[in-house]
Amino acid sequence: MSGKEGSGGFRKRKHDNFPHGQRREEKENVNPSSALMTSFKSFQLELDTRHDKYERLVKLSRDITIESKRTIFLLHRFTSAPNGQEILSESEVKLDAVRWKIKQVAQELIGEDMYQFHRAISPGLQEYVEAVSFQYFIKTRSLISVEEINKQLVFTAEDREETTNMTSNSHDKQPRTWSLKVTPVDYLLGVADLTGELMRLCISSVGNGDIDTPFELSQFLRQIYDGFTFIGNTGPYEVSKKLYTLKQSLAKVENACYTLKVRGSEIPKHMLADVFSTKTELIDQEEGLS
């Protein structure tokens, strides 16, 4: 047995050679007003402030995600509502509420590097892009650009409301105009999620007797899919992951168009939605087995 080992066969730790009383005296002799302790206290305060801001941004991102999802659910009623303009007006009110949340995010990020907090706000921004692009497609049958989205996220001093967690000094230092930019990656991920909503819009349109919308959606989704295939594996990992889901949505819409073209005259209109939903389930099962 080595001389460094005790009777139990365990190696003694280095600080075990010092009595506990001596270590306690060393802690008591530390000067709290020394330059080293002052530096560590400032580091502690800075980290705590940053962590608190990160948690506030995560909460705001969750609120943005929830309100954006509610807007999407509302827009799906557009095809079955007797007055579609009322649905669009109500969705605009909901999107204004989402932008008010994004304004709070922009206020939190004043003077900060957005990319240090990007992971906290990215899910909410992606869901917002999905909601606003879905509304834009229903209005114009085209895809909104990232520049147009960022134009809507420019806030002025007249739009700003006082928040409880900011002091009067910080209000004086804030600029009169500020903005929050959606990154290209968040835009692409939001557009990829949009394809799933367009696929659901296709099925619901057929159920309501609209035969033209599926063919418009099929052409639109092919253009989006072609754009994503140009990116391929050269883009971010999250974008390449979304490509498989996008391909699934396109396949389901194309299958609906095929059924309409080949068997549309044989199946009554009120039964087409049931046929599509059954075929969609079969496609999902085949993809799960492959």
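The residue numbering used here restarts from 1 in each chain and proceeds along that chain's sequence as written. Owing to the predicted nature of the model, reporting of local features is limited to residues with pLDDT of at least 70; listing and counting of side-chain atom pairs is limited to 80 or more, with chain, interface and lining totals taken over all residues. The side-chain numbers reported here are obtained from all heavy atoms of the structure, hydrogens and water having been left aside.

Colleague: I'd like to hear about the overall build of the protein, residue by residue, with values.
Modeller: Numbering of helices and strands runs from the N terminus; a helix is a DSSP stretch of H or I covering at least four residues, while a strand is a stretch of E covering at least two. Along the protein, the regular secondary structure elements total 10 helices and two strands. If you list the helices and strands of the protein from N to C, you get α-α-α-α-α-β-α-β-α-α-α-α. For the protein, the residues scored as buried account for 38% of the 290 residues in total. In the protein, once contacts between residues fewer than 6 apart in sequence are set aside, the share between residues at least 24 apart is 73%. The accessible surface values rely on the Shrake-Rupley method and a 1.4 Å probe; as for residues, cover is taken only from the protein chains in view. Here the protein has roughly 17700 Å² of accessible surface; of this, 53% comes from carbon and sulfur atoms. Residue burial is assigned from relative accessible area. The probe radius is 1.4 Å, only protein chains are included, and a residue is buried under 20% of its type maximum, exposed over 50%, and partly exposed in between. Here, residues are in contact when the closest pair of their heavy atoms is within 4.5 Å.

Colleague: Could you give me a rundown of the environment of Gly-235, with the residues and numbers involved?
Modeller: Its location among the elements puts Gly-235 in the loop between helix 8 (213-231) and helix 9 (237-263). Separated by 50 residues in the primary sequence, Gly-235 and Val-185 have C-alpha atoms spaced 8.8 Å apart.

Colleague: Mind laying out the nonpolar core, listing which residues take part and the relevant values?
Modeller: Among buried residues, the Ala, Val, Leu, Ile, Met, Phe, Trp, Tyr and Cys ones that are joined through side-chain atoms within 4.5 Å form a nonpolar core. Counting residues in hydrophobic clusters, the biggest one holds 56 residues, and the most contacted among them are Tyr-128, Ile-149 and Leu-198. When contributions to this core are tallied by element, the ones reaching two or more residues are helix 2 (35-75), helix 3 (84-108), helix 4 (118-140), helix 5 (146-151), helix 7 (184-207), helix 8 and helix 9.

Colleague: Summarise unusual backbone geometry; cite the residues concerned and give the values.
Modeller: In this structure, Arg-141 is a non-glycine residue whose phi angle is positive, near 55 degrees. Locating Arg-141 in the fold gives a position in the loop between helix 4 and helix 5.

Colleague: Could you give me a rundown of the pattern of salt bridges, with the residues and numbers involved?
Modeller: Within this document, salt bridges are pairs made up of a side-chain nitrogen of Lys or Arg and a carboxyl oxygen of Asp or Glu, the two lying within 4 Å of each other. With the rule as written, the count across this model stands at 14 salt bridges. As a salt-bridge pair, Lys-53 and Glu-112 come within 3.2 Å of each other at their nearest N and O atoms. Pair noted here: Lys-53 is in helix 2 and Glu-112 is in the loop between helix 3 and helix 4, with a separation of 59 residues, a long-range link. A salt bridge links Glu-108 to Arg-56; the shortest N-O distance between them is 2.9 Å.

Colleague: Go over the confidence of the model for the protein with me, naming the residues and quoting the values.
Modeller: Across the chain, each position has a pLDDT score giving the predictor's confidence in that residue, from 0 to 100. Scored by pLDDT, the protein comes out at a mean of 80, with 74% of its residues at no less than 70. Taken as a whole, residues 160-171 scores under 50 in pLDDT and shows 18 contacts with residues more than four places along the chain or in a different chain. Here residues 285-290 scores under 50 on pLDDT; set against residues more than four positions off or in separate chains, the count is two contacts.

Colleague: Just give me the short version of a nonpolar patch on the surface, but keep the residues and values in it.
Modeller: On the surface, Leu-36, Phe-40 and Phe-43 cluster together into a nonpolar patch covering about 340 Å² of accessible area. When you line up the elements, Phe-43 lands in helix 2. A residue is classified by how much of its surface remains accessible, and Phe-43, at 46% relative accessible area, is partly exposed. Patches draw on residues past 30% relative accessible area with no salt bridge. Two like charges within 9 Å are joined, as are two nonpolar side chains (Val, Leu, Ile, Met, Phe, Trp, Tyr) within 5 Å.

Colleague: Hey, could you go over the state of the cysteines for me, with residue numbers and the actual values?
Modeller: Two cysteines form a disulfide when their sulfur atoms are joined by a covalent bond. A pair of cysteine sulfur atoms is labelled a disulfide when the two atoms are within 2.5 Å. Across all of its chains, the model carries zero disulfides by this definition. The thiol of Cys-202 is unpaired, and the distance to the nearest cysteine sulfur, on Cys-257, comes to 5.7 Å. Taking relative accessible area as the criterion, Cys-202 reaches 0% and is therefore assigned buried.

Colleague: Describe the packing of helix 8 against helix 9, naming the residues involved and giving the relevant values.
Modeller: Put simply, helix 8 and helix 9 touch, their axes get as near as 9 Å, and they point 155 degrees apart. By the angle between their directions, the pair helix 8 and helix 9 is classed as roughly antiparallel. Crossing angle aside, the handedness with which helix 8 passes helix 9 is left-handed. Contacts between helix 8 and helix 9 involve Pro-214, Phe-215, Leu-217, Ser-218, Leu-221, Arg-222, Ile-224, Tyr-225, Phe-228, Thr-229 and Ile-231 from the first element and Val-239, Leu-243, Leu-246, Lys-247, Ser-249, Leu-250, Val-253, Glu-254, Cys-257, Leu-260 and Lys-261 from the second. Each residue gets one of three labels, nonpolar for Ala, Val, Leu, Ile, Met, Phe, Trp, Tyr, Cys and Pro, charged for Asp, Glu, Lys and Arg, and polar for the others, Gly among them. The residue makeup of the contact of helix 8 with helix 9, split by class, is 15 nonpolar, three polar and four charged. All axes are obtained by fitting lines to C-alpha atoms, using only the stretch in contact for helices, and the reported angles, taken between N-to-C directions, cover 0 to 180 degrees. An angle below 35 degrees is treated as roughly parallel, one above 145 as roughly antiparallel, one from 65 to 115 as roughly perpendicular, and anything else as oblique. Crossing handedness is defined as follows: a turn of the near helix away from the far one that is anticlockwise and smaller than a right angle gives a left-handed crossing, while the clockwise case is right-handed.

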